[in-house]
Amino acid sequence: MKIADLLVQMLYNVGVRRVYAVTGDSLNPINDAVRRDGRLRWIHVRHEEAGAYAASMEAEMNGIGCCMGSSGPGHVHLVNGLYDANQAGNPVIAIASTVTTDKLGMENFQETNVTKLFDDCIKYFFMANTPQQAAHGFQSAIQHAIQDRGVGVVGLPGDVASADLEQNYISTQNYYSHPRILPHTEEISELADLINDRKKVMLYCGHGCKDAQEEVKQVCERLNAPMGYSYRGKIFFDKEDNPYAVGMNGLLGSKSGFEAMHKADLLLMLGTDFPYSEFLPEKNTIVQIDIKAERLGRRAKVDYGYQGDIKETLKELLPNLKQKTDASYLKKMRKVHKKIGDDYESYVLSQSENDLIHPEYVAAVIDELADDDAIFTVDTGMSAVWAARYLKGKKNRYLTGSFNHGSMADAMPMAIGAGLACPGRQVIAFSGDGGISMLLGDLMTISQYNIPAKIVVFANQTLGMVRLEMLVAGYPDWQTDMVNPDFAKLGEAMGIQTWDVSESINVPNVIKEAFTHEGPAIVAVHTDPDALAMPPKVRFKQVEGFAKTMSKLILNGRTAEFVETAKSDLKYLKELI
Ligand SMILES: Cc1ncc(C[n+]2csc(CCOP(=O)(O)OP(=O)(O)O)c2C)c(N)n1
């Protein structure tokens, strides 16, 4: 057995079923081992970054993912996707193959210092200088990726990969341990007292509440508490039939999510590492519970921090919570939330008659037509705003994006991973035209493997989010425009059924057709570049900059609706400061 064979065996044993990679040089011994073994599928991506995103998505859905990059540029390309995986807490094992051991450390052709290169985007790195080391290194890297929830990289010289395995006393298994982590009994009763003593309690739920949806609801019921959520938590709780939902907070959030949090006597932050400190309250009491103790208090002025799995902790807590009878705070916050929902809806309805396609309308139509267990992946850019506002949780929907790392171009390669990891589930990517342009070649991966993902491109011919950012800050809009390829021709050339939509009236039919089409589909929608989503920033300077920009736009004669929306956003901003 060679070291490369051992690697394949260990990857298979831990649950990896696909390897995302571009083969070459030092990676060829592994390619050969995968071929001979026959149990892992080699997915030949066109750019290793796409491979890292796809592997990360596999890990997010199924617990583990794997990607590989060959010497130098091959593994350098992995870096951005690995940052994303690591920050999202997705266990990914990445193999960075590299120059032979006799050449290491001499600035040889295609050599990088792998130890330094990956230093900031991983949980664990192992440099396998000898075959014996490699055997133990695989074990350790995989175990770290699982346990620390992030990326484990093995630097693997080509000669080590093709060397014989000489020892047989190594473990080829890895372990998913599920310890029960919850606060100590005294901490649970301290927490219960805190909650029982306060009148208005608000829950703010992150991705850590994914498996605790029922318990979170029960707590809200007991406390008559409004429930807000982060973007990563939204899809589990933003449902029509959730009587406690009040929306998101933060840049992509809404007034109700912000207000409910600030008006609470006690804020319970559950399984969230919400990074926008400036949106978090300073005056009320804040409790944070997270399975990772190192996260406690790092974003907000937290008064009480507890380490615990959310489901287990809430199960212990619930019997100690007294029923609150006053529902006025919940009712008030729900009213604000409903008003915002109505505003969003009326905006969609009016736009559907318009010639210029409004992205809000597209997002609302997708929400309407998508399956109840669809997986949505969203790009960083304005499409993330539309997804935040219009996609709703249903029975078993899932929504993700580059929500921690904030990279463009994530949606399409994530859809590759989701499509392969979850066959049978509908996968829908919200891509910006700037985003999709960055990894355009990997549409061919979708085509080659016939992955039935539906790629919706919000083709507004601009880097919309940055354009808005510049306008808000008072900069002239410059270098944000872009010329797009003809997506219909591009799709045809790539063998992907493509629809090009430039009139609102055609949006529902086209989306319906694309969603029912059996194979991969691209829907390029020519959306209005002036669609406005004003992030509720709270600093006066920004409001001032925004006001100036708005007056310029008004003078330039923008549409009435545009001005109206802008005015109401501005009014909202003023209320916030
Ligand atoms: C890799 C990367 N480069 C640059 C940025 C900065 N950035 C954030 S959003 C954005 C614009 C996205 O444009 P597009 O994909 O066209 O989507 P839109 O906002 O127009 O919907 C840019 C340049 C980033 N987040 N990631």
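Because the structure is a prediction, the values reported are computed rather than measured.

Rules and cut-offs
- Residues numbered from 1 in each chain as written.
- Predicted model: local features only at pLDDT ≥ 70, side-chain atom pairs only at ≥ 80, totals over all residues.
- Heavy atoms only, no water.
- Axes fitted to C-alpha atoms, helices over the stretch in contact; angles between N-to-C directions.
- Helix = DSSP H or I, 4+ residues; strand = E, 2+ residues; numbered from the N terminus.
- Parallel < 35°, antiparallel > 145°, perpendicular 65-115°, else oblique.
- Left-handed = near helix turned anticlockwise from the far one by under 90°.
- Contact = heavy atoms within 4.5 Å.
- Pairing = 2+ DSSP bridges.
- Right-handed = clockwise from strand over helix to strand, strands pointing away.
- Near = heavy atom within 4 Å.
- Polar contact = N/O pair within 3.5 Å; in protein donor to acceptor, adjacent residues only side chain to side chain.
- Areas by Shrake-Rupley, 256 points an atom, 1.4 Å probe, with all protein chains shown as cover.
- Buried < 20%, exposed > 50% of the residue type's maximum accessible area, 1.4 Å probe, protein only.
- Arc of directions from axis to C-beta.
- pLDDT = per-residue confidence, 0-100.
- Disulfide = S-S within 2.5 Å.
- Nonpolar A, V, L, I, M, F, W, Y, C, P; charged D, E, K, R; others polar.
- Patch = residues over 30% accessible without salt bridge, like charges linked within 9 Å, V, L, I, M, F, W, Y side chains within 5 Å.
- Salt bridge = Lys/Arg side-chain N within 4 Å of Asp/Glu carboxyl O.
- Lys, Arg positive; Asp, Glu negative; His and termini not counted.
- Charge placed at Lys NZ, Arg CZ, Asp CG, Glu CD.

Caption draft 1: Structural view of the packing of helix H3 (residues 48-62) against helix H17 (residues 411-421). With their axes 7 Å apart at the nearest point, H3 and H17 run at an angle of 45° to one another. Here H3 is positioned oblique relative to H17, judged by the angle of their axes. Two packed elements cross with a definite hand, and for H3 against H17 that hand is right-handed. Contacts between H3 and H17 involve Ala-50, Tyr-53, Ala-54, Met-57, Glu-58 and Asn-62 from the first element and Pro-413, Met-414, Ile-416, Gly-417, Ala-418, Leu-420 and Ala-421 from the second.

Caption draft 2: Broad picture of the pairing of strand S17 (residues 497-501). Of the pairings in the sheet, the one linking S17 to strand S18 (residues 521-525) comprises five bridges and is parallel in character. Looking at the pairing, Gln-497 lines up with Ala-521 of S18. This β-α-β element, S17 to helix H22 (residues 507-516) to S18, shows right-handed connectivity.

Caption draft 3: The arrangement of the site of the ligand in detail. The immediate surroundings of the ligand are formed by 19 residues, with Met-382, Asp-433, Gly-434, Gly-435 and Gly-464 found nearest. Contact distances for the ligand include 2.8 Å between an oxygen atom and a backbone N or O atom of Met-382. One of the backbone nitrogen or oxygen atoms of Gly-435 is found 2.8 Å away from an oxygen atom of the ligand. A total of 590 Å² of accessible area belongs to the ligand in isolation, and the protein chains cover 78% of it.

Caption draft 4: Structural detail: helix H21 (residues 487-494). Here H21 has its buried residues at Phe-487, Leu-490, Gly-491 and Met-494. Along the long axis of H21, the arc covered by the buried residues comes to 95°, so they all point the same way. Structural note: H21 exposes Lys-489, Glu-492 and Ala-493 on the side pointing more than 90 degrees away from its buried face. Considering only its buried residues, H21 is in contact with helix H18 (433-438), helix H19 (443-448), strand S16 (454-458), S17 and S18. In this structure Asp-486 caps H21, since a side-chain oxygen of it lies 3.0 Å from the backbone nitrogen of Ala-488.

Caption draft 5: Representation of the pairing of strand S3 (residues 65-69) within the structure. The element S3 is extensively covered by neighbouring structure, given that five of its five residues are classed as buried. Every second residue of S3 is oriented toward a common face, with Gly-65, Cys-67 and Gly-69 on one face and Cys-66 and Met-68 on the other, all of them buried. The pairing of strand S1 (residues 18-21) with S3 spans two bridges and is classified as parallel. Bridge pairing links Ala-21 to Met-68 in S3. In terms of strand pairing, S3 meets strand S4 (residues 92-98) through five bridges, oriented parallel. Across the sheet, residue Gly-65 finds its bridge partner in S4, namely Val-92.

Caption draft 6: Geometry of the side chain of Asp-5. Mapped onto the elements of the fold, Asp-5 is located in helix H1 (residues 3-14). What makes Asp-5 buried here is its relative accessible area of 16%.

Caption draft 7: Up close: the confidence of the model for the protein. Across the protein, the average pLDDT comes to 91, with 91% of residues at 70 or higher. Scored below 50 in pLDDT, residues 535-542 shows 20 contacts in the model against residues more than four places distant or in partner chains. Confidence drops under a pLDDT of 50 for residues 554-563, and excluding neighbours within four residues, the segment shows 11 contacts in the predicted structure.

Caption draft 8: A look at the sheet that holds S18. Taken in spatial order, the six strands line up as S14-S13-S15-S16-S18-S17 in an open sheet, and their pairing is parallel. In the strand order of this sheet, the two ends are held by strand S14 (398-401) and S17, each with one partner. Each neighbouring strand pair of the sheet contributes to a mean axis angle of 15°, computed without reference to strand direction. Relative to the sheet, H3 contacts strand S13 (375-378) and S14, its axis offset from that of S14 by approximately 145°. Each of strand S15 (427-432), S16, S17 and S18 is contacted by H22, which is oriented at about 170° to S17, the strand it contacts most.

Caption draft 9: Summary view of the state of the cysteines. Tallied over the full model, the rule gives zero disulfides. Left without a disulfide partner, Cys-67 is nearest to the cysteine sulfur of Cys-66, which lies 6.3 Å away. Judged by relative accessible area, Cys-67 falls into the buried class, the value being 0%. With no disulfide of its own, Cys-205 has Cys-209 as its nearest cysteine by sulfur position, at a separation of 4.2 Å. On the basis of relative accessibility, which here comes to 0%, the residue Cys-205 falls in the buried class.

Caption draft 10: Structural context of the packing of helix H10 (residues 213-223) against helix H13 (residues 310-317). Relative orientation of the contacting elements H10 and H13 amounts to 35°, with a least axis distance of 9 Å. At the point where H10 passes H13, the crossing takes the left-handed sense. Counting all contacts with H10, which are made through Glu-215, Val-216 and Val-219, the residues of H13 involved are Lys-311, Leu-314 and Lys-315. Class assignment of the residues belonging to the contact of H10 with H13 gives a composition of three nonpolar, no polar and three charged.

Caption draft 11: Up close: a negative patch on the surface. The grouping of Glu-186, Glu-187, Glu-190, Asp-193 and Asp-197 at the surface amounts to a negative patch. Along the chain, Asp-197 turns up in helix H9 (residues 185-197). Residue Asp-197 is classed as exposed on the basis of its relative accessible area, which comes to 62%.

Caption draft 12: Main features of the sheet that holds strand S6 (residues 151-157). Here we have six strands laid out as an open sheet, ordered S2-S1-S3-S4-S6-S5, and parallel in their pairing. Of all the strands in the sheet, just strand S2 (41-44) and strand S5 (124-127) have a single pairing partner and so form its edges. Averaged over all pairs of adjacent strands, the angle between strand axes in this sheet comes to 20°, irrespective of strand direction. Pairing geometry for S4 and S6, over seven bridges, is parallel. Bridge pairing links Ile-95 to Val-154 in S6.

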